[in-house]
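# Summary of the model geometry
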Amino acid sequence: MPSIPHPLALIQLWIASSALPWSNPVWQSLTNVLGDPWTYDRARDVTAASTHVADWTVGKAQAIEVFMSNCKTARDPAEHYASKNKDNDYEGRSSWNAWVKTSWAKWKINKLIDNILQENGCEPHEVMARLNCKATDEFPTMDAAQVKQAASIILADALFGDDAFTDGSFVVASVMTFVTTVLLESLVTLLSVFKDQETVKKLDARREQVNAMMVAAKKDPSKAEPIARLPKSLRDALDRLATEEEVKELELLIETTLAAMVPLEGDEVVVDFEENLILNDWKSGVEEYDKCSEDDLWEHLGLSEKKLPFFQARSDPDAAIDPWSEEGQQWLDNPTSPTQKLAPRWHQLVGILRLIDRVLDCEPVMLMDGVGVGKTMQAVGLIACLAHYREHYRKHGKFPGKFAQRIHKKTGGNIPDLPVVIMSPPNLQHQWMSEIQRYLRRATFDVLPYAGKYTTRVQWWTMAWSKCQQPPIRRIILATTNAAQDDAATVFIQGDRDSYGRPIPSPRFERTSPNTLFGHEYVTSIIDEGHILRNINLAHVAARALQGKSHSTVIMTATPITTKPAAGVEGSILRAVFVGNQNPEAAQEEYLPVMKTWMGRMREWFAPVVILRTVDSTDNMGNKILGLLPYHDHSLKIKLLDWEMENLRNIARGYLDDCP
């Protein structure tokens, strides 16, 4: 790529976007130029000073303004810029070049670039040592040296902040062109200093160290002297690498093992995977409470009034009133209103007890109760109890009930005064809001929906969040999965395949994370529909990042556990693993007992972090916790009225606006 002078690079960036760079606040802080440099007061004399550049007169600013305008309208701006003719733009062109050349050093842009290159291992001598270049003439291209990949996003953020990015960590095309230009120009300048002897010695020393590392990796005993000069930690690491002979031995062992797994020719084994495995022997995760009565559970919770803190006592069976309106709360409190009692059932109290137990230990838990068992009430009950327990500890120096001798593991004392965040798919956000308002009394908690794109939520934390009057522990952030993913795309970068979905902070993280979910801490995070996190994607990264910012995490899902091998598993491999190749008929016989054995072991491993009850689970009296017959789906075809169809369209448009 040919080198482009800084004055032209700035012109090209300005032509691509008139807001860049001069209207950008980050660039303004670097240059102390608070607008287009050629701006001037048109009412003033040509000898007066211009608006933003004290060294310019109004006359000079006018000449530069005309030159910039002509560059913008020219068929080829670069050709017009490079013209050597003494045309009408000669004064403006000369003044612009001289000013940028002088100012560039004052702005310390090159120093900023040098620091970024150094921090990311992209200084010329590091690149040459890494690629074993013997002379500056052999210096690779920017792509080959991977300078652009390593430094461009960081430099774009350092020069222009949020305006440098279109979505997440994707850089605006014109900004990427500008960044690439200044990186190349900086590298050319740095390479020119390699002619001095001190730098040459530094490069030779780096090359010698790399060669010593290669020798150590090969474990060549005849090269002991250069190996001894390496740092001890590096020597130890290299010493643990396998030798070439060891690798060959391992490859031979692998080949031998694979050969033993290949069936004899004509040997076909067909395994029928259609038979279902029984799930009744799954542990519920709450066996310790199996014999507790409902009174015992209330005593364990330390709730002598036998009701959950902050909870409504009654609910509207027809869901016709708004329970969080003043009139709705009055209606619910009126004993003559046709309400129904709202109270948790035995199994829900058990679930809340187990959730509190895990949260105080700052350990994750999976709430995997089946559909209809009441996971949402348990989650809301946990939130209410945490707020109550914090107040109880503050007043009495201990938690209530069975937790009186317990402390919060991370704080060493009370539960921290932090909010709760709930991440759910967009189509469930309204349901969560309705359920929270149904269970909790009006004005006891603030529930703040968190949806849409990052660019539309920049002021959310300073505006909506700051207006809350409740203490943080009585605030619930109700975030959609899409919003969490968008925040994750903004502050995390996509890792390589070895990162396995781990959130990797981007160069923008420190500055932009306060405006995202990931710049704040939470007493607990609740993630609904947790099965969508099985694949490593943005939702997975967002959930892991929320877990890292939370003192505890609850993952909710009702998706059944897969208990059969994936389609396409070959019978020959199963036979080799389970029974060997001596008895081709044994694979079918061995499949079920072996799979049951391993599923049993896996259940034991996961039992401490799982709460799993189904419609067949029983309470302390041996009765089914729901007492309902198995449900059946019946599809009814109903023609909607025109106004109902229009309402559905409006709802759909709303979802599209929130989650484009």
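Definitions and cut-offs
Residues numbered from 1 in each chain as written. Predicted model: local features only at pLDDT ≥ 70, side-chain atom pairs only at ≥ 80, totals over all residues. Heavy atoms only, no water. Pairing = 2+ DSSP bridges. Helix = DSSP H or I, 4+ residues; strand = E, 2+ residues; numbered from the N terminus. Contact = heavy atoms within 4.5 Å. Axes fitted to C-alpha atoms, helices over the stretch in contact; angles between N-to-C directions. Buried < 20%, exposed > 50% of the residue type's maximum accessible area, 1.4 Å probe, protein only. Arc of directions from axis to C-beta. Core = buried A, V, L, I, M, F, W, Y, C linked by side-chain atoms within 4.5 Å. Parallel < 35°, antiparallel > 145°, perpendicular 65-115°, else oblique. Left-handed = near helix turned anticlockwise from the far one by under 90°. Nonpolar A, V, L, I, M, F, W, Y, C, P; charged D, E, K, R; others polar. pLDDT = per-residue confidence, 0-100.

### Focus on the sheet that holds strand 5 (residues 365–367)
If you trace the 7 strands from one edge of the open sheet to the other, you get 7-8-6-11-12-5-13, paired in parallel fashion. Among the strands making up the open sheet, the edge pair consists of strand 7 (446–450) and strand 13 (610–611). Alignment of strand 7 against strand 8 (residues 475–480), held across 5 bridges, turns out to be parallel. Bridging across to strand 8, V447 finds its partner in I476. Its contacts with the sheet put helix 18 (residues 375–396) on strand 5, strand 6 (420–424), strand 8, strand 11 (524–527) and strand 12 (553–556), and the angle it makes with strand 12 is roughly 165°.

### Quick notes on helix 16 (residues 326–333)
The set of residues buried in helix 16 consists of G328, Q329 and L332. Viewed along the axis of helix 16, the buried residues span an arc of 95°, placing them on a single side of the element. Structurally, helix 16 contributes buried residues whose contacts are with strand 3 (314–315).

### Focus on the pairing of strand 11
Burial of strand 11 is two-sided: the residues T524 and I526 facing one way and the residues S525 and I527 facing the other way are all buried. Pairing of strand 6 with strand 11, which is carried by 4 bridges, proceeds in the parallel orientation. When the sheet's bridge partners are listed, V421 is paired in strand 11 with S525. Pairing between strand 11 and strand 12: 3 bridges, direction parallel.

### As for the nonpolar core
In this structure, L301, I356, I422, W432, I436, L440 and I526 are the most contacted members of the largest nonpolar core, which totals 55 residues. Elements that contribute at least two residues to this core include exactly helix 15 (294–301), helix 17 (346–360), strand 5, helix 18, strand 6, helix 19 (426–439), strand 8 and strand 12. Considering every element that reaches this core, the biggest residue donor is helix 18, with 11 residues. With residues up to four places along the chain from it excluded, the contact list for I436 reads W324, V380, I422, V447 and I476. A9, W27, W56 and A164 belong to the second-largest nonpolar core, a separate cluster that totals 46 residues.

### A short note on the side chain of T480
Within the fold, T480 resides in strand 8. Given the relative accessible area of 1%, T480 is considered buried. Setting aside its immediate chain neighbours within four residues, T480 contacts M423, S424, P426, Q429, Y450 and A451.

### Re the environment of M621
Mapped onto the elements, M621 comes out in the loop between strand 13 and helix 26 (642–658). Residue classification places M621 among the exposed residues on the basis of a relative accessible area of 63%. Linking M621 and D290, residues 331 residues apart in sequence, is a C-alpha distance of 8.9 Å.

### Describing the packing of helix 1 (residues 6–16) against helix 3 (residues 58–73)
Interaxial distance between helix 1 and helix 3 falls to 10 Å at its minimum, and their mutual angle equals 65°. If you check the angle between helix 1 and helix 3, you find them roughly perpendicular. For helix 1 against helix 3, the interelement crossing comes out right-handed. The residues of helix 3 that touch helix 1, namely those facing I11, W14 and I15, are F67, M68, C71 and K72. Residue classes in the contact of helix 1 with helix 3 are distributed as 6 nonpolar, no polar and 1 charged.

### Some points on the confidence of the model for the chain
Residue-level pLDDT values for the chain average 78, and 72% of them are 70 or greater. For the stretch residues 561–582, pLDDT sits under 50, and the model shows 45 contacts to residues farther than four places along the chain or on other chains.

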